[in-house]
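A look at the structure
For reference, the chains in residue letters:
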Amino acid sequence: MLDIKRVLASAPRKPEDVALQPLFTVWGERLLAGEEPAAEHPHPQFARAAFQPLDGWWDYAIVPRASREEAANAWRAAAMPSAFDGRIRVPFSPEAPLSGVGRQVRPSELLWYRRLFSAGAATEAGIGSGVVACADDRCILHFEAVDYACACYVNGTRVGEHVGGYLPFSFDVTEALRAGENELALCVFDPSDEGVQLRGKQKLERGGIWYTAQSGIWQTVWLERVPARCIASMEIDAQADAGRLVLTVEVTGDVDEGGCADAAALPLAVRVLDGGVEVGRAAVDAAAGTHALTVDVPRPHLWSPDDPHLYDLELTYGRDRVESYCAFRTVSMERDERGVPRLFLNHEPCFLRGVLDQGYWPDGLMTAPSDEALVFDIETCKNLGFNLLRKHIKAECDRWYYHCDRLGMLVWQDMVSGGSPLSAWYSSYKPTFFRSSWGGYADDTPRHYGHLSAGSAAFRDEWTDGCAGTVGYLRNHPSIIAWVLFNEGWGQFEARTAVELVRGLDPTRAIDAVSGWYDQRCGDFLSVHNYFRPLEVYDDVARPPRAFVISEFGGLSYHLPAHSSLATSYGYGSFSDLAAFRAAVGETLARVDALEREGLAGFVYTQLSDVEEETNGLVTYDRRVSKLAEGSRP
């Protein structure tokens, strides 16, 4: 039975143009007070000793253009402004309070960054100005994420461009460097929700389930010194059942003009360590290309949420040395003793008790104010009894997944959505009122593309590339156990084809093809959202052999004015009394826990924290109060 009162109370409403109340986490306050966090390697699973963070204060300028179309055509070759507007704290976007700017970049504007830096150890080796030292080192400039399109310059030389707002990219800047001080500049264009690109839950007119749009650099920037002949990438396949580790390693590098490197094969080796003790090693002679290293690890110590055991890896190739880690665990879809399809971890049924995690912060928006803040969210969920986080419509920084790996938090990873403006009828009203529509709407016809906001061929191409890129970027993290492809029909198209793509890229994890509604009878789950009906396991749809999960539900709201961004609030059932809120959340979780006996394979409660107008979090937006444990603070 549909709860009409709750539906009406939760109906989307026109956003109000009201400024957000300033709200800071304790980590953000420390940053404002001048406490600089320790420089942690951005990629603990692929770490070299020589790296140089470039976060901190940069110059910025926001340059108006005549229109969005003009800005879209200009960013690749725009002239750097002669004067800048002020300073911005990188990696926080201009819209984030911690940036020091507090300004919304519009689609008709270009955002410029500039800073001076010394290349440190790289220039000391003699590289730069077109001169390559006999040490044959290269200097790589890394951006963890820039929203959305950017052109990069070093000392006035254009070193590259990138399009896409959520994944890391890098440029070899060796030839553009010079001894001493160097200038780095970046020109950024972001159409926000006036475009069809991947943008997640960002909206220029925020409100309800849509959040403040942001632009520009929003994850760390750093330099890395590498030998010309180096390890370029690594794919980890820790085969728990076989007791074997297989690494697919790409190495690169040829003879340079100075003759410092040669094309002869070099030893490529890996050591596997458990608590500092070597338990296996392998080596091959490798020239440029892709090579496999296989190490037997008999009876490996298995990874699980209760025992997140990690093995250390040390890779060497010539002068290059990379530190990494891996974990042995299996993810499979099997039937339990009653014949119910479930997700199995290490061939044992694993009931998924999850929380939806938007990855937003009041002072940093999509950028966590510190590494400690990332850890706080994960540990809070574990302490509340959950074993899974669903990272919602966002690819997080690599260190978040590292902390999930080491702390034992399972992850469902969403793909980032985008496309044309959503149809209120097809994305909300129709599936809310008519459950019969959930499994009876095809997503593979041009007409239905348009209804599901996927009418743009450019969007469909970008989504496909972004999906493949996300799998490639994150596949080495053992905490990730499932990929979530589409959410509530937002930009959904050809889910069956998408499942085949992801299955081919990564056959080791489960796939939630369609979370919410418009199921296409593919993937490993029948995955429904249920905010307005009694919680139950549906048996009137074509499900077997897929597992049944409630991948969103709850959303109960309690508004704490001193810890909220707005006087207004949004959620799926509101409470004015904290005790009543706690009782309702407890009853809801007990009810869904009881459904395990009826065939439920797992759930994802909405949500971890309040976000702007949404006050349906288990903790407040500033992370200072746990609504389930009064007085809780980081």
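Keep in mind it's a predicted model, so treat the numbers as computed, not measured.

Moving on: the overall build of the chain. Assigned secondary structure in the chain consists of 11 helices and 34 strands. The principal-axis extents of the C-alpha atoms in the chain amount to approximately 75 × 60 × 55 Å. When burial is assessed residue by residue, the chain has 61% of its 634 residues classed as buried. Within the chain, contacts between residues at least 6 apart in sequence are counted, and of these 71% link residues at least 24 apart. On the chain, roughly 23,900 Å² of surface is accessible, and the fraction owed to carbon and sulfur atoms is 51%. Looking at the chain, you have 60 positive and 88 negative side-chain charges, and the mean spots of the two groups are 4 Å apart.

Moving on, we come to the pattern of salt bridges. In a structure, side chains of opposite charge can pair up when their charged atoms sit close to one another. Taken as a whole and judged by the stated rule, the model has 37 salt bridges. The salt bridge partner of Asp320 is Arg48, with a shortest N-O separation of 2.7 Å. Residue Asp320 is found in strand 21 (residues 320-326), and its partner Arg48 is found in the loop between helix 2 (26-32) and strand 1 (51-53); the two are separated by 272 residues along the sequence. Both residues of the pair, Asp320 and Arg48, belong to the buried class. Two residues, Glu314 and Arg321, come together in a salt bridge whose shortest N-O distance is 3.4 Å. Classification of Glu314 by relative accessible area gives partly exposed; the value is 22%.

What the 3 strands build is an open sheet, ordered 15-16-19; its pairing is antiparallel. With one partner strand each, in any of the chains shown, strand 15 (230-239) and strand 19 (289-296) form the two edges of the open sheet. Ignoring which end each strand starts from, the neighbouring axes of this sheet average 20° apart. Across 9 bridges, strand 15 lies against strand 16 (residues 244-252) in antiparallel orientation. From the neighbouring strand, Ser233 faces strand 16, where its bridge partner is Glu250.

With that settled, consider the UniProt feature "domain: Glycosyl hydrolases family 2 sugar binding" (unreviewed entry) in the chain. The sites that carry the UniProt feature "domain: Glycosyl hydrolases family 2 sugar binding" (unreviewed entry) are, in the present numbering, residues 137-223. Here residues 137-223 runs as 0% helix and 51% strand, with 13 Å between its end C-alpha atoms.

Let us look at the sheet that holds strand 23 (residues 341-345). Taken in spatial order, the 3 strands of this open sheet run 22-23-24, and their pairing is antiparallel. Here the strands that pair on one side only, and so sit at the sheet edges, are strand 22 (331-335) and strand 24 (348-349). Here strand 22 runs beside strand 23; their pairing, made up of 5 bridges, is antiparallel. When the bridges of strand 23 are listed, Ser332 appears paired with Phe344.

Before going further, it helps to spend a moment on the packing of helix 9 (residues 457-474) against helix 10 (residues 495-505). Two numbers describe how helix 9 lies on helix 10: the axes approach to 10 Å, and their chain directions differ by 25°. As summarised for this structure, helix 9 and helix 10 are arranged roughly parallel, according to the angle between their axes. Between helix 9 and helix 10 lies a crossing whose hand is right-handed. For the pair helix 9 and helix 10, contact is made by Trp463, Thr464, Cys467, Ala468 and Val471 and by Ala498, Leu501, Val502 and Leu505, respectively. Looking at the contact of helix 9 with helix 10 residue by residue, the class counts come to 8 nonpolar, 1 polar and no charged.

The next point concerns the domain arrangement of the chain. Taken domain by domain, the chain comprises domain 1 (4-12 + 332-619), domain 2 (45-224) and domain 3 (229-256 + 264-329). Taken over C-alpha atoms, the centre of domain 2 sits 32 Å from the centre of domain 3. Across the contact, 7 residues belong to domain 2 and 14 residues belong to domain 3. At the boundary of domain 2 with domain 3, total buried surface from both sides reaches about 860 Å², with 46% on carbon and sulfur atoms. Together, Gln45, Phe46 and Arg48 form the three largest contributors to the area buried by domain 2 at its contact with domain 3, with a combined 66%. Across the contact surface, domain 2 and domain 3 share 2 salt bridges. The tally of links from domain 2 across to domain 3 stands at 6 residue pairs in polar contact (both at pLDDT 80 or more). Considering only residue class, the side of domain 2 that touches domain 3 consists of 3 nonpolar, 1 polar and 3 charged.

Under the definition given, this model contains 35 aromatic pairs. Their ring planes at 40° and their centres at 5.2 Å tell us that Tyr441 and Tyr518 sit as a pair that is tilted. On the criterion of sequence distance, the pair formed by Tyr441 in the loop between helix 7 (424-433) and helix 8 (446-451) and Tyr518 in the loop between strand 29 (510-516) and strand 30 (525-530) is long-range, its members being 77 residues apart. In this structure Tyr518 comes out as buried when scored by relative accessible area, which is 0%. Each member of the aromatic cluster is reached from another via a ring pair, and the members are Tyr449, Phe459, Trp463, Phe486 and Phe493.

Another point: the side chain of Arg329. Here Arg329 shows up in the loop between strand 21 and strand 22. Notably, Arg329 is buried but unbridged: the nearest opposite-charge side chain belongs to Asp506, and the N-O separation is 6.9 Å. From its side chain, Arg329 meets the backbone oxygen of Pro478 in a polar contact 2.9 Å long.

Rules and cut-offs
- Residues numbered from 1 in each chain as written.
- Predicted model: local features only at pLDDT ≥ 70, side-chain atom pairs only at ≥ 80, totals over all residues.
- Heavy atoms only, no water.
- Helix = DSSP H or I, 4+ residues; strand = E, 2+ residues; numbered from the N terminus.
- Buried < 20%, exposed > 50% of the residue type's maximum accessible area, 1.4 Å probe, protein only.
- Contact = heavy atoms within 4.5 Å.
- Areas by Shrake-Rupley, 256 points an atom, 1.4 Å probe, with all protein chains shown as cover.
- Lys, Arg positive; Asp, Glu negative; His and termini not counted.
- Charge placed at Lys NZ, Arg CZ, Asp CG, Glu CD.
- Salt bridge = Lys/Arg side-chain N within 4 Å of Asp/Glu carboxyl O.
- Pairing = 2+ DSSP bridges.
- Axes fitted to C-alpha atoms, helices over the stretch in contact; angles between N-to-C directions.
- UniProt positions renumbered as here; feature names shortened; annotations may be inferred.
- Parallel < 35°, antiparallel > 145°, perpendicular 65-115°, else oblique.
- Left-handed = near helix turned anticlockwise from the far one by under 90°.
- Nonpolar A, V, L, I, M, F, W, Y, C, P; charged D, E, K, R; others polar.
- Domains from an automatic or database assignment.
- Buried area = accessible area lost by both parts, 1.4 Å probe.
- Polar contact = N/O pair within 3.5 Å; in protein donor to acceptor, adjacent residues only side chain to side chain.
- Phe/Tyr/Trp six-rings, centres within 6.5 Å; stacked < 30°, edge-to-face > 60°.

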